[in-house]
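These are the residues of each chain, in order.
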2 protein chains.
Amino acid sequence: MTAKRSRMSAKDRKTVILDVATGLIATHPWEDVTVAQIHEAAGISKGGFYHHFTSKEDVLTAVLMRLADASTAAGQAVYERSEGGPVARFTTFLAATARWELAHADQIMGVIRIALREGNEPILLKLEQEAQRRATPLMRTLVRAGVEQGVFDVVDVEMTVDLLQRAWRLRWVVLAEARQRCAAGDLSGGRALLEQRLQLEERMTSRLLGCTNTPVRMPDPEEFADFLCSA
Amino acid sequence: MTAKRSRMSAKDRKTVILDVATGLIATHPWEDVTVAQIHEAAGISKGGFYHHFTSKEDVLTAVLMRLADASTAAGQAVYERSEGGPVARFTTFLAATARWELAHADQIMGVIRIALREGNEPILLKLEQEAQRRATPLMRTLVRAGVEQGVFDVVDVEMTVDLLQRAWRLRWVVLAEARQRCAAGDLSGGRALLEQRLQLEERMTSRLLGCTNTPVRMPDPEEFADFLCSA
DNA sequence: CTTGATTACCGACCGACCGTCGGTATGTAA
DNA sequence: TTACATACCGACGGTCGGTCGGTAATCAAG
């Protein structure tokens, strides 16, 4: 029997439901999560749940959109007000993206925990596709600008952007491992792992872009120092 | 009421079950396929079905393994008996892979149809991961051989192999579209699409491998002529 | 040829789960 | 005060995956 009814606004109640659903997904594969678990954790009845969401799948979609929001970089705003040539703007874009990601590291680590949980591969796929769908237009713009100014020599803009995102996709997994090493006392090992990863991504990015003069630079490893030392 | 019992060997019955399951997956998302549909299409009872498979998920795993088998190239055997330097062996590997794939085009088209059906994203992900898991060791060997002989200049062997597979992954989708154009009467358009795709992959492959002297060559478009003109 | 063992197969049944629907309770505007 | 809108309730129905006690078919041993 649910407690005496407690009425909330629709918006607040949806937020509560999505919060508990996200928590459940972090500890169980989505297929094993039941509507009963979600509505009980949210403190409402099943009918109350179905008043806000049309189906279990509807909840998953909403959770994914929220998670994708968390992983979307703030690069667009930075790009629009950045200066310099395409290489400088690309480097600025990468630095801004990294700063935004570090500012939201808890959310991103939460997303990674969910997405990499065994049984959540469908969620991982959808998240990567959504993140890629959002990032691709700006990245194509940046790459085309570089091609037009003759500082990038790419084989194909679309394929290059796709491969760039693929090359960068494991960064936060490596960051998580680097932080674990630091937490275990191996500070130099953790920092080395991070530096190696950024160097690797930087060289692969320059290779894919075919930088003819100055290479595109990945963010300074010092930007990640606080993250490595946290929790 | 099922017809009078017809007894088959376990092996044959499993094959029938997997055949009908694969057919169902090609026309419905896996989630919508029921055990009832599978055992009815196989002409046995539910208990008969569970005698051969421990669960619905067990069937999916078996179907995926069969599909992965279909998409594994015969490159290993060809590599082991190929001659010449690393560039020649890599080119031979690519040509042999393409020939094997063309010889099994129906199976591959069937796999693509299944994997790209909306709702089958989890299957697509698993298939890609399994195909990649199988192809990676040989590809790494080929790339390392080239690095050691100084004809490849790669940023990182593991990341390069990963990106190569990513660069190649849409080839059969493009092939399917090229064939559709030919079937619709646009022969030159279909051939042009194929040639563009192979050129793009060839240039990206050379970029990723950092070919210092001769480039790695993709298979000759003429090898695909029969496929383009078939049904 | 009979018997016992093995195994392919059957279908009634059960429990878990998703989603519905007729209802109540709460809040707000007229 | 009343009517309306809407957040919420929980009993219920239907579907599905899987189980289990059984039968039928096949084969090997005596």
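Quick caveat: nothing in here was measured; it's all calculated off a predicted structure. (Residues numbered from 1 in each chain as written. Chains lettered and ligands numbered in written order. Predicted model: local features only at pLDDT ≥ 70, side-chain atom pairs only at ≥ 80, totals over all residues. Heavy atoms only, no water.)

1. Brief notes about the relation of the copies chain A and chain B
- Least-squares fitting of chain A to chain B yields an RMSD of 0.1 Å, with the transformation described by 0.1 Å of translation along the axis and a rotation of 180 degrees. The superposition of one copy onto the other is thereby described by a two-fold rotation axis. For chain A, the residue whose C-alpha comes nearest the rotation axis is A:P122, separated from it by 2.4 Å.
- Here 100% of the contact residues of chain A are again contact residues in chain B; the copies associate through an equivalent surface. (Least-squares fit on C-alpha atoms with pLDDT ≥ 70 in both. Contact = heavy atoms within 4.5 Å.)

2. Focus: helix α11 (residues 187-209) of chain B
- Under the 1.5 Å per step criterion, the end-to-end length of α11(B) is 33 Å for 23 residues, consistent within 8% with the ideal 33 Å.
- Remark: B:G210 follows α11(B) within two positions and exhibits a positive phi of approximately 65 degrees. (Helix = DSSP H or I, 4+ residues; strand = E, 2+ residues; numbered from the N terminus. Expected span 1.5 Å × (residues − 1).)

3. Regarding the domain arrangement of chain A
Residue and element names in this part refer to chain A.
- For chain A, the assigned domains are domain 1 (10-67) and domain 2 (72-229).
- Its C-alpha centre places domain 1 at a distance of 31 Å from the equivalent point of domain 2.
- Across the boundary between the two partners, domain 1 contributes 12 residues, which contact 11 residues of domain 2.
- Inspection of the domain 1/domain 2 interface yields one salt bridge. (Domains from an automatic or database assignment. Salt bridge = Lys/Arg side-chain N within 4 Å of Asp/Glu carboxyl O.)

4. Observations concerning the state of the cysteines
Residue and element names in this part refer to chain A.
- The tally for this structure, following the rule as stated, stands at zero disulfides over all chains.
- C229 provides the cysteine sulfur closest to C182, a residue in no disulfide bond, and the two sulfurs are 5.8 Å apart.
- C182 sits in the buried class, given a relative accessible area of 8%. (Disulfide = S-S within 2.5 Å. Buried < 20%, exposed > 50% of the residue type's maximum accessible area, 1.4 Å probe, protein only.)

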